[in-house]
Amino acid sequence: MLSFLQPSNKLSNKYQLQLTDICCRMMSTDGEVSLDERIWMNKLCDNNPKARELAGAMLCPDFIEDRDC
């Protein structure tokens with residue numbers, strides 16, 4: 001199985017940089033993100049809480065998660 005598909009609380013520097021690059025290009029007006037990159041990012045975020053947190057912070061910085069206290 002691909003390593004990024006295994007659930008983990010860690011995110012390697014390589015994956016963190018790749019995810020940051022994709023998110024930055026998604027937010028810029030002249031950046032292009034391929035379908036393969038979007039699929040990779042989606043799978044990574046589905047299986048890794050740290051990746052989901054990083055992408056969420058970059059793409060939706062004003063989102064406040066509804067938590068039951």
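Before reading on, note that the structure itself is shown above.
Remember, predicted model here, so these are calculated numbers, not experimental data.

A. Representation of the overall build of the protein chain. Helices and strands together make up the secondary structure of the protein chain, namely 3 helices and 0 strands. The helix and strand sequence of the protein chain, counted from the amino end, reads α-α-α. In the protein chain, which comprises 69 residues, the share counted as buried stands at 22%. A separation threshold of at least 6 residues defines the contact pool for the protein chain, and within that pool the share at least 24 residues apart is 62%. For the protein chain, the computed accessible surface area is about 5,500 Å², with 53% contributed by carbon and sulfur atoms.

B. Summary view of the packing of helix α2 (residues 35–47) against helix α3 (residues 49–59). With their axes 5 Å apart at the nearest point, α2 and α3 run at an angle of 120° to one another. Here α2 lies oblique to α3, going by the angle between them. Classified by chirality, the crossing of α3 by α2 is left-handed. Residue-level contacts link M41, L44, C45, D46 and N47 of α2 to P49, A51, R52, A55 and L59 of α3. Tallied by class, the residues present in the contact of α2 with α3 amount to 7 nonpolar, 1 polar and 2 charged.

C. Fine view of the pattern of salt bridges. Tallied over the full model, the rule gives 2 salt bridges. Between D21 and R25 there is a salt bridge; the shortest N-O distance is 3.0 Å. Within this pair, D21 and its partner R25 are both found in helix α1 (residues 13–27), separated by 4 residues, close to a single helical turn. With a relative accessible area of 38%, D21 lands in the partly exposed category. The salt bridge partner of E37 is R25, with a shortest N-O separation of 2.6 Å. One end of the pair, E37, is in helix α2; the other, R25, is in helix α1, with 12 residues separating them in the sequence. Connected through salt bridges with shared partners, the residues D21, R25 and E37 form a single ionic network.

The rules behind the values
The residue count restarts for each chain, going from 1 along the sequence in the order it is written. In view of the model being predicted, local features appear only for residues whose pLDDT reaches at least 70, and side-chain atom pairs are presented and counted only at 80 or more, with totals across whole chains, interfaces and linings using the full set of residues. Heavy atoms throughout the structure, all of them, feed into the side-chain values; hydrogens and water do not. A run of DSSP states H or I qualifies as a helix once it reaches four residues; a run of E qualifies as a strand once it reaches two. Both are numbered from the N-terminal end. Categorising residues by exposure relies on relative accessible area from a 1.4 Å probe, with only protein chains included: less than 20% of the type maximum marks a residue as buried, more than 50% marks it as exposed, and the intermediate range marks it as partly exposed. Here, two residues are considered to be in contact whenever any of their heavy atoms come within 4.5 Å of each other. Each accessible area is a Shrake-Rupley estimate made with a 1.4 Å probe; only the visible protein chains count as cover when residues are assessed. Where helices are involved, their axes are fitted lines through C-alpha atoms of the stretch in contact, as for all axes, and angles between N-to-C directions lie from 0 to 180°. By definition in this entry, angles of less than 35 degrees are roughly parallel, angles greater than 145 are roughly antiparallel, angles of 65 to 115 are roughly perpendicular, and the rest are oblique. By definition, turning the near helix anticlockwise from the far helix through less than a right angle yields a left-handed crossing, and turning it clockwise yields a right-handed one. Think of it as three bins: nonpolar holds Ala, Val, Leu, Ile, Met, Phe, Trp, Tyr, Cys and Pro, charged holds Asp, Glu, Lys and Arg, and polar takes everything else, Gly as well. Every case where a carboxyl oxygen of Asp or Glu lies within 4 Å of a side-chain nitrogen of Lys or Arg is listed as a salt bridge.

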